[in-house]
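Chain by chain, the residues:
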Amino acid sequence: MIAKFSDLAGKNILITGASRGLGRKMAEVLATQGAHVIFNYRGDESAANLLKEELISLGASNATALLFDVTNTVQMKEAVEKFIESNGAITGLVNNAGISKDQIVLRMKEEDVAQTINTNLTSAIMLTQILSRSFLKAENVSVVNISSIVGLMGNASQIAYAASKAGLIGFTKSYAKELASRNIRCNAICPGFITTDMTHALDEKVKDAYLNTIPLKRMGDPEEVANLVCFLLSKASSYITGETIKIDGGLYI
Ligand code: NAD
């Protein structure tokens, strides 16, 4: 079931890491709301063109593919500033791109820790900073950071990932406090286990063990996360900022 938020029609909304998984589903659901969906991808141009066509056919008022690696601040700045110059302000941002390089503490490599923190946390802070000047001149700005339940609970073998996701929550609260007087909102979402490539990669035994700990006894569907993202981007959530919302089938209870 897709929830409908009429004020998202025509809104310029940027989602990072939207070529697959949760980001792609967010792009598709935002397209059904009539948004101008700006999706970030890293390289496969023909796949990006296909996604653009799909988003338009789903009802997007427009669809734009932005090529950049979120860890390359120069490339990211150039891409978003060029977009704003010809299309006007981006008023919705979803910092979604993320990686996990799971390893037990004794085997962790410094470059993996750095790459995880850069991709999941530093990039979100930098992109939000790059957009902040134009946010200040715009109306109804909403930033949504995709954290994780692991950022709240911790998880064995996910030290860097959990630290990056916990960091996103601190960033969310600080940004919300700093920009609230300008009516710019910022919230974080903590998904539990949602069916995407990231969770397909888990061992079947590990998956079964997780399922037993989820009160709703199933993994989440990307559409359920996309609905929450739409709510937070919409004026329907106009009095919510600095919040961290779990979407985990009760895992955290
Ligand atoms: P995924 O691996 O399917 O997708 C991740 C996306 O990020 C891909 O499109 C990938 O290309 C992109 N990406 C990675 N590094 C990038 C970079 N340097 N530059 C640009 N794009 C980059 O994973 P997913 O499950 O869809 O996860 C999306 C977000 O949700 C992540 O931040 C993840 O940590 C978070 N999350 C997922 C789950 C889950 O159960 N799937 C749970 C909690 C949080």
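In what follows, the structure referred to is the one given above.
Residues numbered from 1 in each chain as written. Predicted model: local features only at pLDDT ≥ 70, side-chain atom pairs only at ≥ 80, totals over all residues. Heavy atoms only, no water.

Asker: Honestly, the side chain of Thr 172 in this entry has me stumped. Any pointers?
Answerer: With respect to the helices and strands, Thr 172 occurs in helix H6 (residues 159-179). Filtering out sequence-adjacent residues up to four positions away, Thr 172 remains in contact with Asn 145, Cys 186, Asn 187, Ala 188, Gly 242 and Glu 243. (Helix = DSSP H or I, 4+ residues; strand = E, 2+ residues; numbered from the N terminus. Contact = heavy atoms within 4.5 Å.)

Asker: How should the pattern of salt bridges be read in this particular structure?
Answerer: Side-chain pairing between opposite charges can occur once the charged atoms of the two side chains come close. The final tally for this structure, using the stated rule, is 7 salt bridges. Two residues, Lys 77 and Glu 81, come together in a salt bridge whose shortest N-O distance is 3.2 Å. Of this pair, Lys 77 and Glu 81 both sit in helix H3 (residues 73-87), separated by 4 residues, roughly a single helical turn. Judged by relative accessible area, Glu 81 falls into the partly exposed class, the value being 35%. Here Glu 204 makes a salt bridge to Lys 207, at a shortest N to O gap of 3.4 Å. (Salt bridge = Lys/Arg side-chain N within 4 Å of Asp/Glu carboxyl O. Buried < 20%, exposed > 50% of the residue type's maximum accessible area, 1.4 Å probe, protein only.)

Asker: So what exactly am I meant to see when it comes to the packing of aromatic side chains here?
Answerer: For any pair of aromatic rings, the description rests on two quantities: the centre-to-centre distance and the angle between the ring planes. Here the structure, examined in full by the defined rule, presents 4 aromatic pairs. The interplanar angle of 50° and the centroid separation of 6.2 Å between the aromatic rings of Phe 5 and Phe 231 together place this pair among those described as tilted. Residue Phe 5 is found in the segment before strand E1 (12-15), and its partner Phe 231 is found in helix H9 (residues 222-233); the two are separated by 226 residues along the sequence. With a relative accessible area of 24%, Phe 231 lands in the partly exposed category. (Phe/Tyr/Trp six-rings, centres within 6.5 Å; stacked < 30°, edge-to-face > 60°.)

Asker: For this particular structure, what's the right way to read H3?
Answerer: Because each turn of an α-helix spans 3.6 residues, side chains separated by three or four positions in sequence point in the same direction. In this model, H3 (15 residues) spans 21 Å end to end at C-alpha, consistent with the 21 Å of a helix rising 1.5 Å per residue. What H3 keeps buried is the set Met 76, Ala 79, Val 80 and Phe 83. The buried residues of H3 all sit within an arc of 85° when viewed along its axis, so they share a single face. More than 90 degrees from the buried face of H3, the exposed residues found are Val 74, Glu 78, Lys 82, Glu 85 and Ser 86. Tucked into the core, H3 has its buried residues touching E1, strand E2 (36-41), strand E3 (62-67) and helix H4 (110-136). Where H3 ends, the next residue or the one after it, Gly 88, has phi of about 90°, a positive value. (Expected span 1.5 Å × (residues − 1). Arc of directions from axis to C-beta.)

Asker: Quick question: what am I supposed to make of the site of the ligand here?
Answerer: Neighbouring the ligand are 28 residues; Leu 22, Asn 96, Tyr 161, Ile 194 and Thr 196 lie closest to it. Taking Ile 194, its main chain carries an N or O atom lying 2.8 Å from an oxygen atom of the ligand. For the ligand, an oxygen atom lies 2.5 Å from a polar atom in the side chain of Thr 196. For the ligand, the protein covers 96% of the area, taking 830 Å² as the surface of the free molecule. Of all the secondary-structure elements, those providing two or more residues to the shell around the ligand are helix H1 (21-32), H6 and helix H7 (197-200). The biggest single contributor to the shell around the ligand is H7, with 3 residues. Per-class residue counts for the shell around the ligand are 11 nonpolar, 12 polar and 5 charged. (Near = heavy atom within 4 Å. Polar contact = N/O pair within 3.5 Å; in protein donor to acceptor, adjacent residues only side chain to side chain. Areas by Shrake-Rupley, 256 points an atom, 1.4 Å probe, with all protein chains shown as cover. Nonpolar A, V, L, I, M, F, W, Y, C, P; charged D, E, K, R; others polar.)

Asker: Explanation requested: unusual backbone geometry in the structure shown.
Answerer: Phi is positive for Asn 183, which is not a glycine, with a value near 60°. Along the chain, Asn 183 falls in the loop between H6 and strand E6 (184-191). For Asn 183, a relative accessible area of 48% gives the class partly exposed. For Lys 217, which is not a glycine, the phi torsion comes out positive at approximately 55°. Relative to the helices and strands, Lys 217 resides in the loop between helix H8 (204-213) and H9. What makes Lys 217 exposed here is its relative accessible area of 52%.

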